[in-house]
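# Chains, contacts and geometry: an overview
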Amino acid sequence: MKVYTEILKQFVPDLPDTKTLQAVLTSHAFEVEEVVPQEVGDVIDLKVLPDRAHDALSHRGIAREIATHTEKSFFALPSSELTPDNAVASVSVKVESDLCARYMALRIEHIQVSQSPEWLVRALHALDQRSVNTLVDLTNYVMFELGQPLHVFDAGKVKGAITVRMARAGETVVTLDNKELTLSEQMLIATDEEGVLDLPGIKGGKKAEIDINTKSIILVSANFDSVSVRKTAFKVGIRTDASKRFENNYPSRWAEHAVFRYMYLLQKEQSDIKYGVLTDVYPHPRPNFTAVVTLEQTNKHLGTHLTSEELALILRRLHLKHAEHTPGVFEVICDDNLFNIRSEDDKKYVAYQIIGHVGRVIGYHEGIQEKEYVPCKAQGLVAPHIVETDRIRNELVKRGFVEVRTYHFQNEGEEELENPLARDKRFIRSSLGLGMDDALRKATYNAPLLGRTDIFIFEIGTVVSKQHGERIHIALAGYKQNQKKQKVIDILKEALSEVLKGRPVLIEKENYIEAVIGEHTIEEPTKEAISLTVDQTHTVWKPLSVYPFMTRDIAFFVSDEAKNKNIHEMLLLWAGQLCVRVDMFDEFEKTLEDGSKKLSQAYRLVFQSQEKTLTDEEVNLCMQNVEKEVRALGCEVR
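These lines cover the structure that appears in this document, whether it is placed above or below. Note that this is a predicted model, so its numbers are computed, not measured.

### A few points about the overall build of the chain
Counting its regular elements, the chain contains 20 helices and 30 strands. Its C-alpha atoms give the chain a radius of gyration of 35 Å, clearly above 26 Å, the size a compact globule of 638 residues would have. Projected onto the principal axes, the alpha-carbon positions of the chain cover approximately 125 × 65 × 55 Å. Counting every position in the chain, which comprises 638 residues, the buried fraction comes to 46%. Counting contacts in the chain only where the partners sit at least 6 residues apart, residues at least 24 apart contribute 69% of the total.

### Structural notes on the sheet that holds strand β19 (residues 402-403)
In any sheet, the strands associate via hydrogen bonds between backbone groups, in a parallel or an antiparallel arrangement. Read from one edge to the other, the open sheet built from five strands follows the order β19-β23-β24-β26-β25, with strand pairing classed as mixed. Strands at the two margins of the open sheet, each flanked by one partner only, are β19 and β25 (507-509). Of the strand pairs in this sheet, β25 and strand β26 (residues 512-519) are connected by three bridges, and their pairing is antiparallel. By the bridge assignment for β26, E508 is matched with I513. Docked against the sheet, helix α15 (residues 433-445) engages β23 (454-465), β24 (469-480), β25 and β26, running at close to 160° with respect to β23. Helix α17 (residues 485-500) contacts β23, β24, β25 and β26 of the sheet and is inclined by roughly 140° relative to β24.

### Describing the packing of helix α19 (residues 567-575) against helix α20 (residues 616-632)
Close contact between α19 and α20 brings their axes to 8 Å; oriented N to C, the two are set at 135°. Taken together, the axes of α19 and α20 lie oblique to each other. Between α19 and α20 lies a crossing of right-handed hand. In this structure, α19 uses L571, W574 and A575 to contact α20, whose residues at the interface are C622, N625, V626, E629 and V630. Classifying every residue of the contact of α19 with α20 by side-chain character gives six nonpolar, one polar and one charged.

### Overview of the environment of L21
Structurally, the position occupied by L21 is in helix α2 (residues 18-28). Residues L21 and K487, spaced 466 residues apart in sequence, show a C-alpha to C-alpha distance of 67 Å. The contacts of L21, once residues within four sequence positions are left out, are T5, L15, P16, I44 and I66.

### Regarding the nonpolar core
One finds L46, I62, I108, Y262 and M263 to be the most contacted residues of the largest nonpolar core, which totals 59 residues. Per-element tally for this core: the top contributor is helix α9 (residues 254-269), with nine residues. Every residue in contact with Y262, bar those within four places of it in the chain, is listed here: I108, L135, L138, T139, V142, L150, V152, I217 and L219. Formed by 32 residues, the second largest nonpolar core is a distinct cluster that contains C100, A222, V229 and F246.

### Here we look at the pairing of strand β11 (residues 196-199)
By the bridge criterion, two bridges tie strand β10 (residues 188-191) to β11 in an arrangement that is antiparallel. In the sheet register, T191 faces β11, and the bridge partner there is V196. In this structure, the hairpin formed by β10 and β11 is closed by a connection of four residues. Inspection of the sheet shows β11 paired to strand β12 (residues 203-204) by two bridges, in the antiparallel sense. Bridge pairing links D198 to G204 in β12.

### Some words on the sheet that holds β12
With mixed pairing, five strands are arranged side by side in an open sheet as β4-β7-β10-β11-β12. The open sheet has two edge strands, β4 (93-95) and β12, and neither has a second partner.

### What about unusual backbone geometry?
Phi at N178 is positive, roughly 65°, even though this residue is not glycine. Relative to the helices and strands, N178 is located in the loop between β8 (172-174) and β9 (180-182). In the Ramachandran plot, N249 falls in the positive-phi region, its phi being about 60° despite a non-glycine side chain. Position of N249 relative to the elements: it lies in the loop between α8 (241-247) and α9.

### Points about the environment of F144
Take F144: it is sitting in helix α6 (residues 134-146). Judged by its relative accessible area of 5%, F144 is buried.

### Observations regarding the packing of aromatic side chains
If you walk through the whole model with that rule in mind, you get seven aromatic pairs. Arranged with centres 5.8 Å apart and planes meeting at 10°, the rings of F11 and F74 form a pair that is stacked. Residue F11 is located in helix α1 (residues 5-11), and its partner F74 is located in the loop between α4 (59-70) and β4; the two are separated by 63 residues in the primary sequence. For F11, a relative accessible area of 1% corresponds to the buried category. With a centroid separation of 5.9 Å and 15° between ring planes, the pair formed by F556 and Y603 is classed as stacked.

### Observations concerning the environment of A167
Assignment of secondary structure puts A167 in the loop between β7 (162-166) and β8. The spacing of A167 and L506 is 339 residues in sequence and 47 Å in space, taken between C-alpha atoms.

### Examining the packing of helix α14 (residues 384-398) against α17
Between two packed helices, what matters for the description is the angle formed by their axes and the separation of those axes. Running from N to C, α14 and α17 cross one another at 140°; their axes reach a closest spacing of 10 Å. The orientation of α14 with respect to α17, classified from their angle, is oblique. Along this stretch, α14 crosses α17, giving a crossing that reads as right-handed. Contacts between α14 and α17 involve R391, I392, E395 and L396 on the former and, on the latter, A495, V499 and L500. Of the residues assigned to the contact of α14 with α17, the class counts are five nonpolar, no polar and two charged.

### What about the pattern of salt bridges?
With the rule as written, the count across this model stands at 44 salt bridges. R165 is paired through a salt bridge with E171; the nearest N and O atoms lie 2.9 Å apart. One network of salt bridges, with partners in common, ties together R52, D55, E65 and R360.

Parameters and conventions
- Residues numbered from 1 in each chain as written.
- Predicted model: local features only at pLDDT ≥ 70, side-chain atom pairs only at ≥ 80, totals over all residues.
- Heavy atoms only, no water.
- Helix = DSSP H or I, 4+ residues; strand = E, 2+ residues; numbered from the N terminus.
- Rg over C-alpha atoms; globule rule 2.2 N^0.38 Å.
- Buried < 20%, exposed > 50% of the residue type's maximum accessible area, 1.4 Å probe, protein only.
- Contact = heavy atoms within 4.5 Å.
- Pairing = 2+ DSSP bridges.
- Axes fitted to C-alpha atoms, helices over the stretch in contact; angles between N-to-C directions.
- Parallel < 35°, antiparallel > 145°, perpendicular 65-115°, else oblique.
- Left-handed = near helix turned anticlockwise from the far one by under 90°.
- Nonpolar A, V, L, I, M, F, W, Y, C, P; charged D, E, K, R; others polar.
- Core = buried A, V, L, I, M, F, W, Y, C linked by side-chain atoms within 4.5 Å.
- Phe/Tyr/Trp six-rings, centres within 6.5 Å; stacked < 30°, edge-to-face > 60°.
- Salt bridge = Lys/Arg side-chain N within 4 Å of Asp/Glu carboxyl O.

By themselves, these are just geometric observations and shouldn't be taken as functional.
Here it is in structure tokens:
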């Protein structure tokens, strides 16, 4: 979210300097990602997280935060109280879907389509917005000021009433950027008697676009279902500043604020305009409600020692109206400024949200007293399934297995996601098989790099099926060099039988078995605490190269001179910096005809670069030097 300091000053006239704003916002509200100086003022780019997006994706929301944390005065912007002209017809609106919570429309006549004034162009440019004309630019400007998206139609191109309804299969719309979209029955649209006007909350349509010949407009300020907007935007591949705000459940009561503000700014630029009665279809207004927060509860959760007077002061700084009818018990009126209430269940947690906001005002970096926490080991309360899975992990690690973690989302499964992250992650996994196959393949490929001739891995994770719902599964997979596959399966079965105490194998295939550990249930914690051991050994981790490795083998009869040398270290030295590993994989003694014996050794050298993919020529040069040095040591290369 980018905010322009010149707009913030309208809300907080005594605005601190940008450096102070950076420190205040980062410490109490939102991380500052970048500051870009402008000819007038600065642009501050903030990282607004989803839990605050419903109120903070606007200059009003950010200014209120600044006023709260700097104790500066916060002012509402001037707006117009509408005085309609009876000669101007009102807009007829029909709302036929519950996905539209509110739809406001105002017909405005005697307008002029002109270039925007300098102050407006400058502000939009600072926010990376292109100027179109005064009528359109003001909709964008008010959206960034207050957070409420607006739209304007050419009133002369709208025939009859505006109807908000679900699309019919096969209906089409041409958007303002000339994209023709075919709509589905799950999409909300606005239409007139002739066709589709726009995709509400996402993108305007070409049909009623403002142009140089426009003489009257219809200003629309509405509110739409957040899930519907997100689904439609995703399906048509259009994400806009407006859709981002509606996706975060913007409050429906803000629609009227935006209309009044737009009219105030428009009348300053075009004083001769006339407008009719404001149409407001608002069947289910959302009232404020009251949440109870106690002083004892606040101090307990924050670890503070606030007094009633201090808590009351912080609530006032948060612009929360409240009453303290009983000492230490505050009835807080929760409006749309800080709280995103979607259902009755959300109201249960508002008290905790208020306490969180109190904590932000105090500052998590200072002022909060340290709480006396009871160590987890002293509590000793652990869910039974965690105790069981940790026991299994420990047993398998003792047997030489390595735990892996694979993706929950795969390209196969029984339960398909409506909005997948990617085409190959459309299903919730119904077994651990696909992930384990991939993990074993990667581990086997990298075995030479790791100096391993055998690989045994396991995973404990959740799977989802239509028949059983969520269950906890365990999967084991393995590879052993020069070993028959059935022998590997026998090793896996033996390990699984020992750790699961005879539970049956659910799936068995090449190099892989899978079984059920238990169901996913809500369990009461037990007193069986988990004992953790701390390894004091200092381990240095380094990343694997993204470039492939190459292997070369060399075998030779060891000379008497070489028997007294550290051949392993010498091979590493002779092979050069590209050699990352040397392992001996074979050794035997050969008896000659005269009764003497020769010791034969075979080594595998692994070559890899952190900067590039190696060529055969580069590796062959390294091996030529190795052979040369081995022969110089008196060894006979086989």
